[in-house]
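Listed below are the residues making up each chain.
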Amino acid sequence: MATIRIAALALVLCAGTAAQGSAQPASDASRAVTGGITVPGWTGKIDAREEQAGRSLSDAKLSGTAAKLEVTTGPAVTYWNPANTASGTYTVKATFTEANYMGLNEHPHPYGIVIAGSDMGMAGQSYLYCAAYGNGNFIVRGFGPEPFHMGAQRPEANAAVQKAAGKGSSVTQEIAMSVKADRVECAINGTTVGSYPKTEVVTAGRLKSTDGIYGVRFGHNTSAVVAGLTMTKD
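S.K.: Before we go on, may I ask you to explain the environment of Asn-105 in this structure?
M.R.: Counting through the fold element by element, Asn-105 comes out in the loop between strand 6 (90-98) and strand 7 (111-118). By relative accessible area, which is 3% here, Asn-105 ends up buried. As for Asn-105 and Asp-28, which are separated by 77 residues in sequence, their C-alpha atoms are 6.9 Å apart. When residues no more than four places from it in sequence are discounted, the contact partners of Asn-105 are Lys-167, Asn-221 and Thr-222. Only 2.5 Å separates the side chain of Asn-105 from the backbone oxygen of Asn-221, close enough to count as a polar contact.

S.K.: Where do I start with the nonpolar core in this structure?
M.R.: In a soluble, globular protein the nonpolar side chains are often hidden away together inside. Among the nonpolar cores identified, the biggest contains 47 residues, and Phe-96, Ile-113, Ile-115, Leu-128 and Ile-188 are the most heavily contacted of them. Discounting chain neighbours no more than four positions away, the residues touching Ile-113 are Val-92, Lys-93, Ala-94, Phe-96, Leu-128, Tyr-129, Cys-130, Ile-175, Met-177, Gly-215 and Leu-229.

S.K.: For this particular structure, what's the right way to read the packing of aromatic side chains?
M.R.: Where two aromatic rings form a pair, the distance of their centres and the angle of their planes describe that pair. Summed over all chains, the structure comprises 5 aromatic pairs. Plain terms: the ring middles of Phe-96 and Tyr-111 are 5.8 Å apart, the flat faces sit at 20° to each other, and that makes the pair stacked. Taken as a pair, Phe-96 in strand 6 and Tyr-111 in strand 7 lie far apart in primary sequence, 15 residues in all. Here Phe-96 matches Tyr-111 in class, with each residue buried. The rings of Phe-96, Tyr-111 and Phe-218 are connected pair by pair, giving a single aromatic cluster. The ring of Tyr-129 carries Arg-217 above its face, with NZ or CZ at 4.8 Å from the centroid.

Conventions we followed
- Residues numbered from 1 in each chain as written.
- Predicted model: local features only at pLDDT ≥ 70, side-chain atom pairs only at ≥ 80, totals over all residues.
- Heavy atoms only, no water.
- Helix = DSSP H or I, 4+ residues; strand = E, 2+ residues; numbered from the N terminus.
- Buried < 20%, exposed > 50% of the residue type's maximum accessible area, 1.4 Å probe, protein only.
- Contact = heavy atoms within 4.5 Å.
- Polar contact = N/O pair within 3.5 Å; in protein donor to acceptor, adjacent residues only side chain to side chain.
- Core = buried A, V, L, I, M, F, W, Y, C linked by side-chain atoms within 4.5 Å.
- Phe/Tyr/Trp six-rings, centres within 6.5 Å; stacked < 30°, edge-to-face > 60°.
- Lys NZ or Arg CZ within 6 Å of the ring centre and 35° of its normal.

None of this, on its own, says anything about what the molecule does.
What follows is the structure, given as structure tokens:
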């Protein structure tokens, strides 16, 4: 009888541990930031899971100017100006400087360029983004409106992505996303790190088009300055 009770207790403990392992660690939960959006013409939307956790757009901060966006999160968020659109073949790029690497977190969080935004601000919004981490990794993902990934499911290392010297140091990445006649590419610091056939990007469950709004995306609990966000026609 005692053996049965011990086995049952072990099962309960294992189940509890598994449940904890599947949840986001408390230390990594999004923290509210005061400020909201103060850059004229800009707006944003936090991720659905952040909304479900009770966060709002006012829990992240977008300040500065259109030429020099200052972002501090808060919940994971995408920012854009509805007037910033691109179509056909084009390149959107900007320089991201994380002056205090991992200053708001205990592991690297990403930031990067958003393109092909459709129905932005709505529950079914879709877009594609390429983001860098200060540890030398990058990732290309999107919402269509369900999340999807291009290439590897997890962040990939690439020598072109700058690595911070350590926690608290500064690291800068120039990130660009290009739509070409038949491909969509991400370049970081002048090197193409991801290149995908357009037919794999514009397809069922992903994007309807590579035309649309462009902007920036930040993971939660992250701070960086975005300079020179521009779009050029190729």
